[in-house]
Amino acid sequence: MRKDLLSDLNPQQQKAIKHADGPLLVLAGAGSGKTKVITHRFAFLTTEQNVPPSSILAMTFTNKAAEEMKARIQKLLGKDTAGLWVSTFHSFCCRILRKEIASLGFQNNFCIYDKDDSSKVIRSILKEFKIHEALYKGISSKLSSLKASLIAPEHLIARDDSYGFDEKFARVYVKYQDDLRRNNALDFDDLIMFTVKLFDEHPGVLKKYQTEFPHIMIDEFQDTNNAQYRLAKLMAAGRKNICVVGDDDQSIYKFRGADVRNILAFEKDFPKTKVIRLEQNYRSTQNILDAAGGVIEQNNSRMPKKLWTNNGNGEKVFHCTTNSEREEAAYIARTINELYLKGRHSYGDFTILYRLNQQSMVLEEALKANGLPYHIVGGISFYQRKEIKDIISYLKLIINPDDSVSLRRIINSPPRGIGSTTIAKIENEAVKKDISLFKAMQHIVISSGYPPAFKEKIKGFVSTIEELSGSKDMELSEFLWLILESTGYMKWIGEERSENLMELVNSSDEMDINRLIDTAALFSPMDESDKASSISLMTLHCAKGLEFPVVFIAGIEEGLMPHFHAVKSSEELQEERRLFYVGITRAKEMLFLTGAKKRRFYASVQEQQPSRFLKEMPSGCYHCIEKRPRTSMITSEVKLPASLLNKTPFVTGVRVRHPKWGVGVVRDSYGETDDVKVMVNFPSVGVKRLSLKFAQLQKI
DNA sequence: AAACTAAAGCTTTTT
DNA sequence: GCTTTAGTTT
């Protein structure tokens, strides 16, 4: 078994895996087999050190990463992973709090508010405090960063300088936390902050979990915020068997509270930390690594590392400047098409990365114009769709009737004649009695003195929810049907959207109501299964952790990459450089950097300069193309349209039938009249090169 | 309570 | 430029 786990690993990776006890910091460069180290270390601990799998706590940031880790561990162990504690920070905290939150004064049926829900709470507070409502965005991010720094409202008020925030803001924070408590709700940041609070205030509970998890592993450690690191330190305080894996060069979420300094602090916080560097890259060619290295070396506050590979030099990196963003998009689409027709790549091998979401539009148009299939990664997720959120809100309200945000969401969906004036009246009652909206409605129903029409409307909604509550123990998919039908929601939402609802009902098989609610809350757009058969479009941020044979990065211009908001401060400029570095290191075989001389921004057209980052790449590793030649970018040979070279009917796009392989589509044809070769993609066997003289091809 | 018009926005976003 | 939201009308 030992041989199996260590055999295909390099010496540094082996060292990391064999280091079982004491603090371990693995600095894992891009593409250096980081996940492999974590999963193999997990397996090594259980098989060689007799650590029970259920007593290793492994934490990551995304559900997707957690799922992948679980799947790979399962494969290594050959055992079911159902009981493992391999999860995101947030779902780990959720799991703890569902058991322990009573000691913090919440009920364990608390619900989780996403950004949308919590904005609603903030905005209604701003309205109440007569603060301009449009400020909610800034306020919500301030709240989030305070919580990420573990500063609760009481701390804010206690300090004289209030951490630089004014008194008005402190009052908003206090009210916000009060409202959440009244709704029996926690936001994302609360999940972490309250778990830390729980451990701080109840040493016995902490001790219990410290004993339960003698080993801790954390992935993407450079992305931890203050609160998450604090949580990790608490959990590891006893035995100090903590292994963190990360790459300071890939820290790109500072704006969300991530703090790279946690990597530097780790060695101080855990004396005698073993530091291991993984510098062998298994993903990219040397040219791509040289480009990446040249850029990232310009950052001054980083832990020195140099990636190398055995993969060979490969193609040079291409840089192409076009006149406009439309030409840039057209160039990318055409290049993808040319590469695809060569037959070595499928559409799923390509990705186009960009700094801003708004860049995707023109790219999409160009891909559509060329008939190329694509999908956008990280848009809105299944669980963020209106109809799905609505139905989840019904479930949330049924489980936790104090959840006033969910109540507001569905009280008039489908329409029940309950508009803003009616809600205001209910709210009035709720504030007066200091109870939740639903309780206020229940109260209105049984009290006298309200107009009968008003009371009827309220009664209708209350009894709908109460009746549904009575059936909540039935099978989940049946229960969902009951809600959709009895409320008239299905009829109201229309055919197109009801398809998504059907999908939800179907996917809810063997799930229980609480799990569905938590899954929906802790799910992200990036978790959705990747459609491997089409071109991926996404922001550079979304690309972290992924890899593609052919990568395009669009908009390598000053003002975009680096973004003009970031050029003022050196700190932010370095983060932009890391973002570019992350983009470059996604590429396995080929990397295309493109930019435009002129670009539309909102209403106006701006003159653009090439990005300063381009000059930082060693000149030997990239090729500059000012004007797009009509020939292929990849080979120097002149490539005329296939239809001119040979006069066969088998031109690109034609459907053909082969006696053995069935129906396929011609991707390319070349050669002289008597020796024409065609490249055909058969769905069953893939791309085949065929000589027309011999292959019995039939046009259909 | 829905439907309109005016105006203000506008980086990235693992949960 | 276009989408989101605030405030107005009907």
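Basis of the calculations
Residues numbered from 1 in each chain as written. Chains lettered and ligands numbered in written order. Predicted model: local features only at pLDDT ≥ 70, side-chain atom pairs only at ≥ 80, totals over all residues. Heavy atoms only, no water. Helix = DSSP H or I, 4+ residues; strand = E, 2+ residues; numbered from the N terminus. Rg over C-alpha atoms; globule rule 2.2 N^0.38 Å. Buried < 20%, exposed > 50% of the residue type's maximum accessible area, 1.4 Å probe, protein only. Contact = heavy atoms within 4.5 Å. Areas by Shrake-Rupley, 256 points an atom, 1.4 Å probe, with all protein chains shown as cover. 1 Å grid on protein atoms, 1.4 Å probe; cavity = no way out; pocket = protein on both sides within 12 Å on 5 of 7 lines; lining within 4 Å. Points joined across faces, edges and corners; volume = space filled by probe spheres on them. Nonpolar A, V, L, I, M, F, W, Y, C, P; charged D, E, K, R; others polar. Pairing = 2+ DSSP bridges. Axes fitted to C-alpha atoms, helices over the stretch in contact; angles between N-to-C directions. Near = heavy atom within 4 Å. Polar contact = N/O pair within 3.5 Å; in protein donor to acceptor, adjacent residues only side chain to side chain. Parallel < 35°, antiparallel > 145°, perpendicular 65-115°, else oblique. Left-handed = near helix turned anticlockwise from the far one by under 90°. Salt bridge = Lys/Arg side-chain N within 4 Å of Asp/Glu carboxyl O. Core = buried A, V, L, I, M, F, W, Y, C linked by side-chain atoms within 4.5 Å.

Things to note about the overall build of chain A
At step 1: Looking only at helices and strands, chain A has 28 helices and 21 strands in total.
At step 2: Computed over C-alpha atoms, the radius of gyration of chain A comes to 29 Å, within 12% of the 27 Å expected from 2.2 N^0.38 for 700 residues, which places it in the range of a compact globule.
At step 3: Dimensions along the principal axes, computed over C-alpha positions, put chain A at roughly 95 × 65 × 55 Å.
At step 4: Buried residues in chain A amount to 54% of all 700 residues.
At step 5: Residue pairs in contact within chain A that sit at least 24 positions apart in sequence constitute 74% of those at least 6 positions apart.
At step 6: For chain A, the computed accessible surface area is about 32,000 Å², with 51% contributed by carbon and sulfur atoms.

Remarks on empty space enclosed by the protein
At step 1: This model, assessed by the stated rule, comprises one cavity of 30 Å³ or more.
At step 2: Around the largest cavity, the lining residues are Gln210, Phe213, Pro214, His215, Ile216, Met235, Ala236, Gly238, Arg239, Lys240 and Asn241.
At step 3: Secondary structure elements with two or more residues in the lining of the largest cavity: strand 6 (215–218) and helix 12 (226–236).
At step 4: By residue class, the composition of the lining of the largest cavity is five nonpolar, four polar and two charged.

Some details on the sheet that holds strand 8 (residues 274–278)
At step 1: The strand order 3-2-6-7-1-8 describes an open sheet built from six strands, whose pairing is parallel. Only two strands of the sheet have a single partner each, and these edge strands are strand 3 (85–88) and strand 8. Adjacent strand axes in the sheet meet at a mean angle of 15°, parallel and antiparallel pairs treated alike.
At step 2: Against the sheet, helix 13 (residues 261–269) touches strand 1 (24–28), strand 7 (242–246) and strand 8, its axis set at about 150° to strand 1.

Quick look at the protein's contact with DNA strand B
At step 1: The full set close to DNA strand B counts 30 residues, and Arg256, Arg355, Gly419, Ser524 and Thr539 are the nearest of them.
At step 2: Within the side chain of His90, an N or O atom sits 3.3 Å from a base oxygen of DNA strand B.
At step 3: Tallied by class, residues from the surface near DNA strand B come to 11 nonpolar, 13 polar and six charged.

A word on the packing of helix 15 (residues 325–341) against helix 16 (residues 360–369)
Helix packing for two helices is described by the angle between their axes and how far apart those axes are.
At step 1: Two elements in contact, helix 15 and helix 16, have axes whose closest approach is 8 Å; the angle formed by their N-to-C orientations is 45°. Relative to helix 16, the element helix 15 is oriented oblique. Both helix 15 and helix 16 take part in a crossing whose hand is right-handed. In this structure, helix 15 uses Glu325, Arg326, Ala329, Ala330, Ile332, Ala333 and Ile336 to contact helix 16, whose residues at the interface are Val362, Leu363, Glu365, Ala366 and Leu367.
At step 2: Counted by class, the contact of helix 15 with helix 16 contains nine nonpolar, no polar and three charged residues.

Concerning the protein's contact with DNA strand C
At step 1: Neighbouring DNA strand C are Arg123, Glu133, Tyr136, Arg600, Tyr602 and Ala603.
At step 2: Counting only the atoms of DNA strand C that lie within 4 Å of the protein, the sugar and phosphate share comes to 71%.
At step 3: Side-chain polar atom of Arg123 to a phosphate oxygen of DNA strand C: 2.6 Å apart, as the coordinates give it.
At step 4: The contact in question runs from a sugar or linking oxygen of DNA strand C to an N or O atom on the side chain of Arg600, over 3.2 Å.
At step 5: Grouping the constituent residues of the surface near DNA strand C by class yields three nonpolar, no polar and three charged.

Regarding the pattern of salt bridges
At step 1: Across all of its chains, the model carries 42 salt bridges by this definition.
At step 2: A salt bridge links Lys389 to Asp116; the nearest nitrogen and oxygen atoms lie 3.6 Å apart. With Lys389 in helix 17 (residues 386–399) and Asp116 in helix 6 (residues 115–128), the pair connects residues that are 273 residues apart, well separated along the chain.
At step 3: Given the relative accessible area of 12%, Lys389 is considered buried.
At step 4: Of the residues examined, Asp116 reaches a relative accessible area of 39% and is grouped as partly exposed.
At step 5: Close ionic contact of Arg326 with Glu365 constitutes a salt bridge, the shortest N to O distance being 3.9 Å. Of the two residues, Arg326 is situated in helix 15 and Glu365 in helix 16; the sequence distance between them amounts to 39 residues.
At step 6: A single network of salt bridges, built from pairs that share partners, joins Lys34, Asp219, Glu220, Asp223 and Lys544.

Quick look at the nonpolar core
Across soluble globular proteins, you tend to see nonpolar side chains buried next to one another.
At step 1: Counting residues in hydrophobic clusters, the biggest one holds 69 residues, and the most contacted among them are Phe92, Leu191, Phe199 and Ile242.
At step 2: Beyond its immediate stretch of four places on either side in the chain, Ile242 contacts Gly22, Pro23, Leu24, Ile216, Ile218, Ala232, Ala236, Phe266 and Phe270.
At step 3: Among the nonpolar cores identified, the runner-up in size contains 45 residues, and Ile410, Ile411, Ile423 and Val505 belong to it.

Side note on the packing of helix 20 (residues 437–446) against helix 21 (residues 452–470)
At step 1: Relative to each other, helix 20 and helix 21 sit at 120°, their axes nearing to 9 Å. Between helix 20 and helix 21, the crossing angle belongs to the class labelled oblique. Seen along the crossing, helix 20 lies across helix 21 with a hand that is left-handed. Contacts from Phe438, Met441, Gln442, Ile444 and Val445 in helix 20 reach Phe454, Lys455, Ile458, Lys459, Phe461, Val462, Ile465 and Glu466 in helix 21.
At step 2: Here the contact of helix 20 with helix 21 is built from residues that sort into nine nonpolar, one polar and three charged.

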